[in-house]
There are 2 protein chains.
Amino acid sequence: MKVFLDNNASTRVDDAVLEAMTPFFTEIISPPSSEYGNSFGVEAQEALSNAREIIANKLNVDTSEIIFTSGQAESNNTALKGFALANEKSDSKLILASAVSHSTVMDPLKSLVKHHGFELELIEVNKEGFIKHDHLRQLLKKKPLLVTIPHGNVEIGTIEDINIIANICHENDVKLHVDMTYSFCKIETDASVVDMATIASHLIHGPKGVGALYLRKKQRLRPLIDGGFQENRKRAGTENIPGIVGFAEAVKQFTPEVISKITELRDYTQELFNKNLTEFSITGAKDKNKRLPGHFSAVISYVEGESILLYLDMLNFMVATGSACSSKQLKASHVLSAIGLPTEISHGSIRLGLSKYNEKEQLDEFIVQLGQIVERLRAMSPVDQDFMREWKEMKENGEYTEEDHHHHDDDESEE
Amino acid sequence: MKVFLDNNASTRVDDAVLEAMTPFFTEIISPPSSEYGNSFGVEAQEALSNAREIIANKLNVDTSEIIFTSGQAESNNTALKGFALANEKSDSKLILASAVSHSTVMDPLKSLVKHHGFELELIEVNKEGFIKHDHLRQLLKKKPLLVTIPHGNVEIGTIEDINIIANICHENDVKLHVDMTYSFCKIETDASVVDMATIASHLIHGPKGVGALYLRKKQRLRPLIDGGFQENRKRAGTENIPGIVGFAEAVKQFTPEVISKITELRDYTQELFNKNLTEFSITGAKDKNKRLPGHFSAVISYVEGESILLYLDMLNFMVATGSACSSKQLKASHVLSAIGLPTEISHGSIRLGLSKYNEKEQLDEFIVQLGQIVERLRAMSPVDQDFMREWKEMKENGEYTEEDHHHHDDDESEE
């Protein structure tokens with residue numbers, strides 16, 4: 001039996017979600033767009049309105065402020081390119097992004113810099129992954145066009161206080177976009193305090209290929225996908241009704257009980273790590289209540305996350321790592337670099353995303369296997385023991401560098 | 001029992017398609033991107049490769065030339081904006097589009113004109129909806145950057161000969177994009193003769209929210225959605241594996257028998273119209289073999305398509321119209337204008353899209369109802385009888401105007 005512990009990458013679709021979607025595959029065929037006093041499109045139209053209401057309510061925004069998209073990547077690209085290009089004649093061309101933003105935020109921003117004359121500055125984060133409010137305030141003096149931050153960080157789980165950050169931005173008359181992909185439904189959120197927010201379905205037991213963008217009323221935006229009246233002319237294309245219905249059902253199924261369960265599983269994981277492993281550090285916010293429920297991440301000394309993953313895979317456990325070797329980019333996670341972890345240390349990163357389909361028994365078995373794997377790997381560790389001793393001392397003295405280790409690549413996406 | 005005869009808007013998902021998708025919702029959770037020698041992503045990776053191969057084979061292109069997207073609108077926007085912006089420093093800023101292109105082609109082109117200094121010229125079409133090759137050749141002397149045409153037209157069914165048009169473009173060293181959304185699987189096509197092609201899943205009994213772009217090797221393209229290594233860095237985002245698997249299964253299910261059946265249903269519809277209705281003209285190519293199989297469209301004199309739709313709806317039949325009143329744009333179809341139909345005539349348009357789930361018995365019942373509705377509407381027709389008499393004469397004398405009636409709107413998509 002395979003045990004999937006990587007629910008921040010993707011999740012199992014809830015049976016109730018699949019059930020809610022099914023009639024929209026095989027019975028309710030007509031697009032809602034056909035509903036011009038026509039009875040064939042009525043059910044799809046009602047389903048679309050209903051889904052929009054569920055999602056708007058969850059974010060505490062108006063239904064007219066929800067644009068359905070194909071997921072996180074499209075929502076982030078629409079928000080950032082759409083806002084920047086709609087304001088390209090403004091005085092400012094500067095955009096500020098948290099140094100721990102997701103690649104679907106970083107890459108559209110790099111495209112705006114490369115092709116449209118925008119400027120990007122990264123807001124520094126502290127060791128816990130929170131942006132430094134002082135640095136944000138300092139950068140805001142440059143009168144940027146937009147600020148973008150993640151709400152809950154996918155790699156280290158840190159949850160930003162968006163109320164405080166929205167206040168800082170708005171005091172300076174600057175708009176704020178927040179990527180809520182990993183926090184949506186897991187952290188109670190009033191998105192109406194920000195100007196744009198990204199959410200996605202596939203991380204809350206909804207289908208892949210569906211997401212949404214919250215766009216505050218009267219906010220200018222140049223659509224990424226032109227060609228129709230759908231989504232208030234902000235996003236063309238025949239509406240993915242089964243997907244949208246599934247997304248909304250997933251929101252309904254993400255009850256307080258689910259949050260309690262995944263929080264408990266996370267706490268249990270933390271206990272098991274403390275009891276069974278030596279020489280590791282939990283990454284992200286020190287206060288576990290300021291980390292995503294269901295999220296647990298750590299760096300384990302003297303081992304490679306990649307090797308851990310391979311061994312765990314043989315034993316049918318799936319987790320994630322920010323280790324360089326595991327990513328197709330072949331470089332250390334920019335998030336782990338940004339919180340000041342030397343590459344040697346971030347190589348030992350491991351990350352669990354726990355869902356309602358996981359059980360404590362799975363974690364009991366997992367920690368036994370992980371303990372043995374770490375022991376075995378350390379016995380044959382190729383990692384420089386001198387460096388590790390030094391790092392241990394630095395950490396004990398609270399001295400490790402927080403310098404930026406961001407690798408700004410020059411990936412040529414146009415070939 | 002409702003009878004859906006609008007299969008060029010959307011289709012019922014095939015049971016085999018839903019069955020193929022289901023395990024990817026609830027069992028195979030891990031994204032293929034996780035497949036770095038990791039067994040959890042293997043099934044998704046294999047499913048993705050397999051789907052890509054099925055679709056590439058169907059188009060006679062290489063698997064590396066297929067980029068999965070969220071559907072027609074995204075594929076068309078990616079092709080047109082992506083190609084134009086990747087070549088924005090080229091000498092030419094001119095793009096040529098068939099006057100009967102879809103809105104998801106027209107609108108991104110208008111955005112390129114409005115925001116990026118491109119120029120758009122429309123290639124005239126004849127009464128049958130084919131682009132005039134002479135006009136194309138004439139426009140090609142202006143050394144445009146790109147030409148875009150639909151393969152099969154959604155409103156009038158006309159199928160362009162892409163081999164000839166590709167030759168004309170390539171002789172002039174100009175690239176060709178073809179929107180194959182409505183012809184894919186219905187017309188055997190060698191897409192490798194063109195440079196880019198758009199296809200979509202939801203018109204062939206696959207799920208909504210999935211499509212693809214064929215992009216010829218080494219063709220430059222600026223991605224619409226940045227942020228990841230997926231789809232060869234051309235389209236970021238967690239792959240919609242269930243949707244992609246469903247898309248490929250739909251291709252497999254679209255057998256020659258299906259094509260025969262819908263062609264037969266179309267021919268039968270044409271016979272029924274000829275036997276039971278007076279004063280109507282079939283729109284699109286005169287040669288029915290040069291119209292999409294399963295497609296039947298006509299303009300019926302002295303009536304409003306919108307009124308026909310309302311009556312048919314009460315009787316549980318769903319068809320489409322290009323009538324002004326039926327579209328949210330409140331103007332006559334640009335396609336019907338482009339083939340030279342006066343607005344008064346295009347108001348009487350009606351369009352059927354027939355699928356393998358339709359039966360002759362449904363059409364028998366449909367034509368009886370349609371005959372009665374047309375008779376009733378004509379009895380109380382508000383349409384100018386003088387104009388209609390005049391139009392009839394013009395038509396009989398083959399005189400009706402082919403002047404462009406395109407309404408270029410100034411819709412402000414940035415608010």
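### Details of the environment of serine 201 of chain A
Link 1 in the chain: For serine 201 of chain A, the position within the fold is in the loop between β7 (196-200) and β8 (211-215).
Link 2 in the chain: At 2.7 Å, the side chain of serine 201 of chain A forms a polar contact with the backbone oxygen of proline 207 of chain A.

### What to know about the pairing of strand β8 (residues 211-215) of chain B
In the case of a regular strand, side chains alternate between the two sheet surfaces.
All names here are of chain B.
Link 1 in the chain: The element β8 is largely enclosed, with a buried count of five among its five residues.
Link 2 in the chain: Residues Gly211, Leu213 and Leu215 line one face of β8 and the alternating positions Ala212 and Tyr214 line the opposite face, and both faces are buried.
Link 3 in the chain: Here four bridges tie strand β2 (residues 66-69) to β8, and the two strands are oriented antiparallel to one another. Counted as the bridge partner of isoleucine 67 is leucine 213 from β8.
Link 4 in the chain: Pairing of strand β7 (residues 196-200) with β8 involves five bridges; the strand directions are antiparallel. Paired with alanine 200 across the strands is glycine 211, a residue of β8.

### Side note on the environment of proline 150 of chain A
Residue and element names in this part refer to chain A.
Link 1 in the chain: Structurally, the position occupied by proline 150 is in strand β5 (residues 146-150).
Link 2 in the chain: Take proline 150: its relative accessible area is 9%, and that puts it in the buried class.
Link 3 in the chain: In this structure the C-alpha to C-alpha distance between proline 150 and valine 113, which are 37 residues apart in sequence, comes to 20 Å.
Link 4 in the chain: Setting aside anything within four residues of it in sequence, one finds proline 150 in contact with Ser98, Val100, Ser101, Glu160, Val178 and Asp179.

### Quick word on the relation of the copies chain A and chain B
Link 1 in the chain: Superposing chain A onto chain B takes a rotation of 180° combined with a translation of 0.0 Å along the rotation axis, leaving an RMSD of 0.0 Å. Expressed as an axis order, the relation between the two copies is that of a two-fold axis. When C-alpha positions in chain A are compared against the rotation axis, the closest is assigned to serine 70 of chain A, at 3.1 Å.

### With respect to the sheet that holds strand β3 (residues 94-98) of chain B
All names here are of chain B.
Link 1 in the chain: The strand order β2-β8-β7-β6-β5-β3-β4 describes an open sheet built from seven strands, whose pairing is mixed. In the strand order of this sheet, the two ends are held by β2 and β4 (119-123), each with one partner. For this sheet, the mean angle separating the axes of adjacent strands, direction not counted, is 20°.
Link 2 in the chain: Sheet strands touched by helix α5 (residues 133-140): β3, β4 and β5 (146-150). Its angle to β4, the strand with the most contacts, is close to 155°.

### A look at the nonpolar core
Link 1 in the chain: One finds Leu136, Val147 and Phe247 of chain A together with Leu136, Val147 and Phe247 of chain B to be the most contacted residues of the largest nonpolar core, which totals 177 residues.
Link 2 in the chain: Every residue in contact with valine 147 of chain A, bar those within four places of it in the chain, is listed here: Leu96, Ile123, Leu136, Leu140, Cys169, Val174, Lys175, Leu176 and His177 of chain A.

### Brief notes about helix α4 (residues 103-116) of chain A
Residue and element names in this part refer to chain A.
Link 1 in the chain: An ideal rise of 1.5 Å per residue puts 20 Å on 14 residues; α4 measures up with 19 Å between its terminal C-alpha atoms.
Link 2 in the chain: In terms of residue burial, α4 counts as a mostly covered element, since ten of its 14 residues are buried.
Link 3 in the chain: Positioned one or two residues after α4, glycine 117 has a phi angle of 70°, which is positive.

### Topic: unusual backbone geometry
All names here are of chain B.
Link 1 in the chain: The backbone phi angle of asparagine 60 is positive, close to 60°, even though this residue is not glycine.
Link 2 in the chain: Topologically, asparagine 60 is positioned in the loop between α2 (42-59) and β2.
Link 3 in the chain: For asparagine 60, a relative accessible area of 47% gives the class partly exposed.
Link 4 in the chain: In this structure, glutamate 231 is a non-glycine residue whose phi angle is positive, near 50°.
Link 5 in the chain: Mapped onto the secondary structure, glutamate 231 falls in helix α7 (residues 230-233).
Link 6 in the chain: Classification of glutamate 231 by relative accessible area gives buried; the value is 8%.

### Points about the packing of helix α5 (residues 133-140) of chain A against helix α6 (residues 162-171) of chain A
Helices that pack against each other are described as a pair by the angle of their axes relative to one another and the distance between those axes.
Residue and element names in this part refer to chain A.
Link 1 in the chain: Between α5 and α6, the least distance of the axes is 10 Å, while the angle of their chain directions is 20°. By the criterion of interaxial angle, the relationship of α5 to α6 is roughly parallel. The hand of the α5/α6 crossing is right-handed. Here His133, Leu136, Arg137 and Leu140 of α5 come into contact with α6, specifically with Ile164, Ile165, Ile168 and Cys169.
Link 2 in the chain: A per-class count over the contact of α5 with α6 returns six nonpolar, one polar and one charged.

### Points about the sheet that holds strand β10 (residues 295-300) of chain A
Hydrogen bonding along the main chain pairs the strands of a sheet, whether they run parallel or antiparallel.
Residue and element names in this part refer to chain A.
Link 1 in the chain: Strand order in the open sheet formed by three strands is β9-β10-β12, and the pairing between neighbours is antiparallel. Sheet topology places β9 (280-282) and β12 (349-353) at the edges, where each strand pairs with a single neighbour. In this sheet, neighbouring strand axes are inclined to one another by 25° on average, regardless of whether the strands run parallel or antiparallel.
Link 2 in the chain: For β10 and β12, the ladder comprises five bridges, and the chain directions are antiparallel. Considered in β12, the bridge of phenylalanine 296 is made with leucine 352.
Link 3 in the chain: Docked against the sheet, helix α9 (residues 256-276) engages β9, β10 and β12, running at close to 20° with respect to β10.
Link 4 in the chain: Most of the contacts of helix α13 (residues 360-379) go to β12, to which it runs at about 170°, and overall it touches β10 and β12.

### A look at the packing of aromatic side chains
Link 1 in the chain: One pass over the full model with this rule turns up eleven aromatic pairs over all chains.
Link 2 in the chain: Taking the centre distance of 6.1 Å and the plane angle of 70° together, the rings of phenylalanine 184 of chain A and phenylalanine 247 of chain A count as edge-to-face. Residue phenylalanine 184 of chain A is found in the loop between β6 (175-179) and β7, and its partner phenylalanine 247 of chain A is found in helix α8 (residues 241-253); the two are separated by 63 residues along the sequence. The two residues phenylalanine 184 of chain A and phenylalanine 247 of chain A agree in class, both being buried.
Link 3 in the chain: Ring-pair connections join several aromatic residues into one group, and the members of that group are Phe273, Phe280 and Phe296 of chain A.
Link 4 in the chain: Positioned above the aromatic ring of tyrosine 357 of chain A, the side-chain terminus of arginine 12 of chain A is 4.7 Å from the ring centre.
Link 5 in the chain: The cationic tip of lysine 2 of chain B hangs over the ring face of phenylalanine 40 of chain A; the distance from NZ or CZ to the ring centre is 4.4 Å.

### Section: the domain arrangement of chain A
Residues and elements named next belong to chain A.
Link 1 in the chain: You can read the domains of chain A as domain 1 (15-253) and domain 2 (256-394).
Link 2 in the chain: For domain 1 and domain 2, the distance between their C-alpha centroids amounts to 29 Å.
Link 3 in the chain: Counting the surface lost from both domain 1 and domain 2, the interface buries some 2,000 Å², and carbon and sulfur atoms represent 60% of this.
Link 4 in the chain: Among the residues of domain 1 in contact with domain 2, Glu155, Ile156 and His205 are the three that bury the most area, contributing 33% of the side total.
Link 5 in the chain: In this assembly, domain 1 and domain 2 are joined by eleven residue pairs in polar contact (both at pLDDT 80 or more).
Link 6 in the chain: Class assignment of the residues belonging to the side of domain 1 that touches domain 2 gives a composition of eleven nonpolar, ten polar and five charged.

### A look at the pattern of salt bridges
Link 1 in the chain: Scanning the model with the defined rule gives 36 salt bridges over all chains in all.
Link 2 in the chain: Measuring nitrogen to oxygen at the nearest pair gives 2.7 Å for the salt bridge that ties lysine 81 of chain B to aspartate 226 of chain A. One end of the pair, lysine 81 of chain B, is in helix α3 (residues 72-86); the other, aspartate 226 of chain A, is in the loop between β8 and α7 (230-233), on a second chain. Both residues of the pair, lysine 81 of chain B and aspartate 226 of chain A, belong to the buried class.
Link 3 in the chain: Salt-bridge contacts for lysine 142 of chain B lead to glutamate 121 of chain B; the nearest nitrogen and oxygen are separated by 2.6 Å. Here the residue lysine 142 of chain B occupies a position in the loop between α5 and β5, and glutamate 121 of chain B occupies one in strand β4, the gap between them amounting to 21 residues.
Link 4 in the chain: When salt bridges that share partners are traced, they join Asp107 and Lys110 of chain A together with Arg233 of chain B into one network.

About the cut-offs
Residues numbered from 1 in each chain as written. Chains lettered and ligands numbered in written order. Predicted model: local features only at pLDDT ≥ 70, side-chain atom pairs only at ≥ 80, totals over all residues. Heavy atoms only, no water. Helix = DSSP H or I, 4+ residues; strand = E, 2+ residues; numbered from the N terminus. Polar contact = N/O pair within 3.5 Å; in protein donor to acceptor, adjacent residues only side chain to side chain. Buried < 20%, exposed > 50% of the residue type's maximum accessible area, 1.4 Å probe, protein only. Pairing = 2+ DSSP bridges. Contact = heavy atoms within 4.5 Å. Least-squares fit on C-alpha atoms with pLDDT ≥ 70 in both. Axes fitted to C-alpha atoms, helices over the stretch in contact; angles between N-to-C directions. Core = buried A, V, L, I, M, F, W, Y, C linked by side-chain atoms within 4.5 Å. Expected span 1.5 Å × (residues − 1). Parallel < 35°, antiparallel > 145°, perpendicular 65-115°, else oblique. Left-handed = near helix turned anticlockwise from the far one by under 90°. Nonpolar A, V, L, I, M, F, W, Y, C, P; charged D, E, K, R; others polar. Phe/Tyr/Trp six-rings, centres within 6.5 Å; stacked < 30°, edge-to-face > 60°. Lys NZ or Arg CZ within 6 Å of the ring centre and 35° of its normal. Domains from an automatic or database assignment. Buried area = accessible area lost by both parts, 1.4 Å probe. Salt bridge = Lys/Arg side-chain N within 4 Å of Asp/Glu carboxyl O.

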